[in-house]
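Residues per chain are reported as follows:
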Amino acid sequence: MADLTIAPVRHSGPLPTARSRRRYSAVVTALALGAVLLGFGVLAWDNPMPLGSEGFWTIARMRATSLAVMAVVGFCQGIATVSFQTVTNNRIITPSIMGFEALYVLVQTSAVFFLGAAGIMAVQGVGQYLLQVCLMVGFAALLYGWLLSGRRGNMQIMLLVGIILGAAMGAASTFMQRLLTPSEFDLLMARLIGSIANADATYLGVAVPLAAVAGGLLWSQTRRLNVLALGRETAINLGVSHQRQTMVVLLLTSVLMAVSTSLVGPLTFLGFLVAMLSYQLADTHDHRHLFPVAWLTGFVVLAGAYFVLKHVFYAAGSIGVIIEIVGGGFFLSYILRKGRL
Amino acid sequence: MTALTRSHAQPPASPPAAEPRPRPARGRLFTWPLLIGLVITAGLVVLSLFVGVYDVFGAEDGSEMFAITRVPRTIALVLSGAAMAMSGLVMQQLTQNRFVEPTTTGTTEWAGLGLLLTMVLVPEASLLVKMTVAVITAFIGTMVFFAFLRRVTLRSSVIVPIVGMMLGAVVGAFSTYIALSTNMLQSMGIWFAGSFTSVLRGQYEPLWVVVAVAVGVFIAADRFTIAGLGQEVATNVGLNYNRVVLLGTGLIAIATGVVTVVVGNLPFLGLVVPNLVSLFRGDDLRSNLPWVCLVGISVVTVCDIIGRVIIMPFEVPASTILAMIGAVVFLGLLLRKRNHG
Amino acid sequence: MITLSGVLKTYSSEVAIGPVDLSIPPGGITALVGPNGAGKSTLLVMIGRLLGMDAGTIEVAGYDIARTHSADLAKILSVLRQENHFVTRLTVRQLVGFGRFPHSKGRIKAEDEAIISRSIDFLDLADLEGRYLDELSGGQRQRAYVAMVLAQDTEYVLLDEPLNNLDMQHSVQMMQHLQRAATELGRTVVIVLHDINFASHYADYICAVKDGGVVSFGAPDELMRDEVLTAIFDTEVRVVEGPRGRIAVYY
């Protein structure tokens, strides 16, 4: 009976010690605070109208669209990358290299190539947005169904095949791009570099529900994700049907990636950056604790980059490039540390 | 192809002689199949000389055009094809991984970055300067990749190219950023897409350096094989491991850097050719070397001829066709690996 | 009771496991022994449904493992391979806690915590339970995995060479732990062993596997004979009577 008094000390939850629980709450609070501050900063900074006036809110409302886009993209990229890295048992890859971005580039390039400058308009619109998302998810489903199912299903080969197909699509895009006139090319490039400005407010009506459904379904799988992280054999031993579960998670991931990529364009290393920061910040294996941190981190990174670029460097357009370089730098430093893959 | 298959049947075909014949450790270098392969390759090369929009026989200045464009172009095909195929072979030997070559380790992207940096910082730099910088960055990039391989314990050979291509994507993102901020994106795309269209007399000559690389590879072939077995094995047989790796990296960097500057990117060539050759001939590096050169030359030449003919009077860059064919062959190799364990 | 009938796994035209017919009685420790590449581990992981078979059926406690839900099997059968790596950072206790997943589905309750504590204490890991796995030695990590499998609270426990990475002291301790698990907790332990003498001393049954088939099965005394072992291992083996039972001498 004396056990009861010391029982709280021995517990196997995701945050085993009181210190780790305090740390986690502090991290979440700080991130949330940062998110609110940045959100307010994006709305109010440099707003020519006095705070609270009608004109202020008109401008703020326009900027709020950007905020919403960043919230969606941060959510999609953060959660998708964490889940993807869990099921692939590999912390140095991002789902974006699996051909999603190459497909996006190919679709956009073909539109301009075949239709000229008018092509840019032809691929805009909610219907087209949805079509593009479906195309990407369909591509992912075919790839996973082909290479992950059956007895010979092999995760690593699936990853490599995805990357190779991406490279082939990239070559086709590059070829079409070199035949474009410089003005068409500039128009196209604006779409091909990840930018918050790419997003149309009307897309949010589709993007938010899609992201919410996919994210919610992933949330319902978080406990199984914790088991999948232990590898195939341990997962099967614990009664999780590894193959089916992996496919489900990867498909949901592909929905999130498609929503994000079609919204703002390719952001190859955002997911990597966010996931890596989230692991450090959350310091737990439990996906119920990781997901909120990943979302908040994703938003803070995006909004922070946006804010700094817009108000310090006056170059909001190249947010994608900045994130690529920072994320890429982190990637390099990460792989040069000793580790096991 | 018949030549290739027949060579496969040759080594075991030696009839059981009355008295035991000495069993050589390696096959003979020059065999009938190799001569046949040589003839086929020569045929392709000659064909390349006479394919094109310009009628080199009918027109008045035909012979002059022949000397200015066709001959340099064909020589460039031969040299760069052999160079990239051998680079791939050396990298595969050093890393003992079949999926490694300049495209899947980021080497090409590093060379491109060096080239771009010179173009931006010193626009009036001579071809030689550009090449030197590209070779140096290619060297650094390859060393980064090797450093990564040595530090990290990998579970699967397929992870290696995944990491390498991520690495390439990071460097590529950085190049994109520079090109974007200096308005050189489209010209960069054209420059990097390996094409032999613009190879003219007076511009391709640096490619001859590749011959020296080929000789170096021939001489050091066995050392690369031993170094590929690891530092302990190499030291055990009295080989300075680090020096061999540096030598190999240097040769690869020279070949990749020079080809990138003069011709552009030739994706997957270094991967597909050595794998095809070893599929038919097994894995003896030295006796495979001439085959790798020949097949490399043939593949590039065929791609270039297809590119010239397919949408006459326009040209598709050889790299585009190579990327498509290369991706298909790569996929075939991967699926073969999957099916055979 | 574990029953294999006509179990077959083909790798190529030359290499195949089976067809194997075998019954492993409930209770006690059954050791799978045999030369390298004989197929011991393959048989074990096929029983543990980690590897599919090409023909035949395997029943564990009356359940056909190919037809039973994996989640239900996880409550009667646990399996541990020798190589386990993943990138997640876990403490020993968190890892052992995962053993409760088949029962708790991830929501760990007080009774789960009690079972987790019991498994940890059972393997003398109480002092290490807050440490991260990557801070442990290979032997300690091995024990943590075994603790996880015991926390799974299954009647059948399959272990693939659990003595790998363990020195003499820890090998003996591990076998003693497993023996206690079999006698005190009533588990059926099936284990792949390399050392025939460990099998002779600790196992209740020995199953000799050679060239993809079962060549003999029985109590240690039946198998620990010169001619039987010599035939199994293709090496001149002499069995001598030691102070604590029979010992095979092969050098």
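Cut-off values and rules
Residues numbered from 1 in each chain as written. Chains lettered and ligands numbered in written order. Predicted model: local features only at pLDDT ≥ 70, side-chain atom pairs only at ≥ 80, totals over all residues. Helix = DSSP H or I, 4+ residues; strand = E, 2+ residues; numbered from the N terminus. Buried ≥ 20, exposed ≤ 12 C-beta atoms within 10 Å, placed from the backbone. Contact = placed C-beta atoms within 7 Å. Axes fitted to C-alpha atoms, helices over the stretch in contact; angles between N-to-C directions. Left-handed = near helix turned anticlockwise from the far one by under 90°. Parallel < 35°, antiparallel > 145°, perpendicular 65-115°, else oblique. Nonpolar A, V, L, I, M, F, W, Y, C, P; charged D, E, K, R; others polar. Pairing = 2+ DSSP bridges. Core = buried A, V, L, I, M, F, W, Y, C linked by C-beta atoms within 7 Å. Expected span 1.5 Å × (residues − 1). pLDDT = per-residue confidence, 0-100.

**Observations regarding the overall build of chain B**
The helix and strand tally for chain B stands at 13 helices and one strand. Reading the secondary structure of chain B in the N-to-C direction produces α-α-α-α-α-β-α-α-α-α-α-α-α-α. When burial is assessed residue by residue, chain B has 48% of its 341 residues classed as buried. Residue pairs in contact within chain B that sit at least 24 positions apart in sequence constitute 78% of those at least 6 positions apart.

**Here we look at the overall build of chain A**
Counting its regular elements, chain A contains 15 helices and one strand. The buried share among the 341 residues of chain A stands at 51%. Contacts in chain A between residues at least 24 apart in sequence constitute 79% of all its contacts with a sequence separation of at least 6.

**Observations regarding the packing of helix H6 (residues 126-148) of chain A against helix H7 (residues 155-178) of chain A**
All names here are of chain A. Orientation of H6 relative to H7, taken along the N-to-C sense of each, is 140 degrees, at an axis distance of 9 Å. The two elements H6 and H7 cross, and the hand of that crossing is right-handed. Two secondary-structure elements touch here, H6 through Leu143, Tyr144, Leu147 and Leu148 and H7 through Met155, Ile157, Met158, Val161 and Gly162.

**Quick word on the packing of helix H4 (residues 100-115) of chain A against helix H12 (residues 242-264) of chain A**
All names here are of chain A. Two elements in contact, H4 and H12, have axes separated by 10 Å at closest approach and are oriented at 40 degrees. Of the possible angle classes, the one that applies to H4 and H12 is oblique. The element H4 and its partner H12 pack so that their crossing is right-handed. On H12, the residues that touch Phe100, Glu101 and Tyr104 of H4 are Met257, Ala258, Thr261 and Ser262. Residues of the contact of H4 with H12, tallied by class, amount to four nonpolar, two polar and one charged.

**Let's talk about the sheet that holds strand E3 (residues 28-33) of chain C**
Residue and element names in this part refer to chain C. Reading across from one edge, E6-E7-E8-E3-E9-E10 is the order of the six strands in this open sheet, with mixed pairing throughout. Every other strand in the sheet has two partners, leaving strand E6 (77-80) and strand E10 (213-218) as the edge strands with one partner each. When the angles between neighbouring strand axes are averaged without regard to direction, this sheet yields 15 degrees. Summarising the sheet, strand E9 (residues 205-210) and E10 pair through five bridges and their orientation is antiparallel. Its bridge partner lying in E10, Cys207 is registered against Phe217. Here helix H1 (residues 40-47) sits on the sheet in contact with E3, E6, strand E7 (156-160), strand E8 (188-192) and E9, set at roughly 145 degrees to E7.

**A closer look at the interface of chain B and chain A**
Each partner contributes residues to the interface: chain B has 40 residues there, and chain A has 40 residues. Contributing elements (two or more residues each) for the side of chain B that touches chain A: helix H5 (127-151), strand E1 (152-153), helix H6 (159-181), helix H7 (185-192) and helix H13 (318-339) of chain B. Per element, the largest residue contribution to the side of chain B that touches chain A is 13 residues, and it comes from H6(B). Here the side of chain B that touches chain A is built from residues that sort into 29 nonpolar, eight polar and three charged.

**Things to note about the nonpolar core**
With 283 residues, the main nonpolar core has B:Met166 and B:Ala255 as its most contacted residues. Not counting residues up to four positions away in its chain, the partners in contact with B:Met166 are A:Ile92, A:Ile93, A:Ile97 and A:Phe331.

**Focus on the sheet that holds strand E5 (residues 63-64) of chain C**
All names here are of chain C. Spatial strand order, E2-E1-E4-E5: four strands in an open sheet with antiparallel pairing. Only two strands of the sheet have a single partner each, and these edge strands are strand E2 (16-24) and E5. In this sheet, strand E4 (residues 55-60) lies alongside strand E1 (residues 2-10) in antiparallel orientation, the contact comprising five bridges. Of the residues in E4, the one forming a bridge with Leu8 is Ala55. Where H1 meets the sheet, its contacts fall on E1, E2 and E4, and the angle it forms with E1 comes to roughly 120 degrees.

**Let's talk about helix H7 (residues 168-184) of chain C**
Residues and elements named next belong to chain C. When the terminal C-alpha atoms of H7 are compared, their 24 Å separation across 17 residues agrees well with the 24 Å that a helix rising 1.5 Å per residue should span. Looking at the buried side of H7, the elements it contacts are E3, helix H6 (138-151), E8 and helix H8 (196-202). Residue Gly186 follows H7 closely and has a positive phi angle near 70 degrees.

**Some points on helix H5 (residues 110-122) of chain C**
Residues and elements named next belong to chain C. Here H5 spans 18 Å end to end across 13 residues, near enough to the 18 Å set by a 1.5 Å rise per residue. Tucked inside the fold, the buried residues of H5 contact helix H3 (92-98), helix H4 (101-104) and H6. Note on H5: the residue one or two positions beyond its end, Asp124, has a positive phi of about 55 degrees.

**Overview of unusual backbone geometry**
All names here are of chain A. Its identity is not glycine, yet Asn89 carries a phi of approximately 55 degrees, on the positive side. Along the chain, Asn89 turns up in the loop between helix H3 (54-88) and H4. Backbone geometry places Asp283, a non-glycine residue, at a positive phi of 50 degrees. Mapped onto the fold, Asp283 is located in the loop between helix H13 (270-282) and helix H14 (287-313). On the neighbour-count criterion, Asp283 (17 C-beta atoms within 10 Å) is partly exposed.

**Quick notes on the confidence of the model for chain A**
Residue and element names in this part refer to chain A. Per-residue confidence for chain A gives a mean pLDDT of 82, with 94% of residues at or over 70. Mean pLDDT across the secondary structure elements of chain A bottoms out at helix H1 (residues 3-6), with 44, and peaks at helix H9 (residues 204-220), with 91. Within the model, the stretch residues 1-8 combines pLDDT values under 50 with zero contacts to residues more than four positions away or in other chains.

**Focus on the pairing of E1(C)**
Residue and element names in this part refer to chain C. In this sheet, E2 lies alongside E1 in antiparallel orientation, the contact comprising six bridges. Paired with Thr10 across the strands is Ala16, a residue of E2. The hairpin formed by E1 and E2 contains five residues between the paired strands.

**Details of the pairing of E4(C)**
Residue and element names in this part refer to chain C. Looking at chain direction, E4 and E5 are connected through two bridges and run antiparallel. When the sheet's bridge partners are listed, Glu59 is paired in E5 with Asp64. Joining the antiparallel neighbours E4 and E5 is a turn of two residues, in which Ala61 adopts a positive phi near 50 degrees.

**A look at the environment of A:Met158**
Residues and elements named next belong to chain A. Within the secondary structure, Met158 sits in helix H7. The class of Met158 is buried, set by 22 C-beta atoms lying within 10 Å. Put simply, Met158 and Gly145 are 13 residues apart on the chain and 9.8 Å apart in space, counted from C-alpha to C-alpha.

**With respect to the environment of A:Arg10**
Tracing the backbone shows A:Arg10 in the loop between H1 and helix H2 (18-44). Look at A:Arg10 and you get partly exposed, because 18 C-beta atoms sit within 10 Å. Separated by 97 residues in sequence, A:Arg10 and A:Val107 have C-alpha atoms that sit 55 Å apart. When neighbours within four sequence positions are excluded, A:Arg10 is seen to be in contact with C:Glu113 and C:Ser117.

**Thoughts on the confidence of the model for chain B**
Any region with low pLDDT has predicted coordinates that should not be read closely. Residues and elements named next belong to chain B. Scored by pLDDT, chain B comes out at a mean of 75, with 78% of its residues at no less than 70. Taken element by element, chain B is modelled with least confidence in helix H1 (residues 2-9), mean pLDDT 37, and with most confidence in helix H4 (residues 107-121), mean pLDDT 85. Overall, residues 1-19 carries pLDDT values under 50, and its contacts beyond four positions in sequence, including any with other chains, amount to 16 contacts. Confidence estimates for the predicted assembly give a pTM of 0.84 and an ipTM of 0.86.

**Let's talk about the environment of C:Gly130**
Position of C:Gly130 among the secondary structure elements: in the loop between H5 and H6. Take C:Gly130: there are 14 C-beta atoms within 10 Å of it, and that puts it in the partly exposed class. The spacing of C:Gly130 and C:Thr91 is 39 residues in sequence and 5.6 Å in space, taken between C-alpha atoms. Not counting the four nearest positions on each side in its chain, C:Gly130 is found in contact with A:Pro16, C:Thr91 and C:Arg93.

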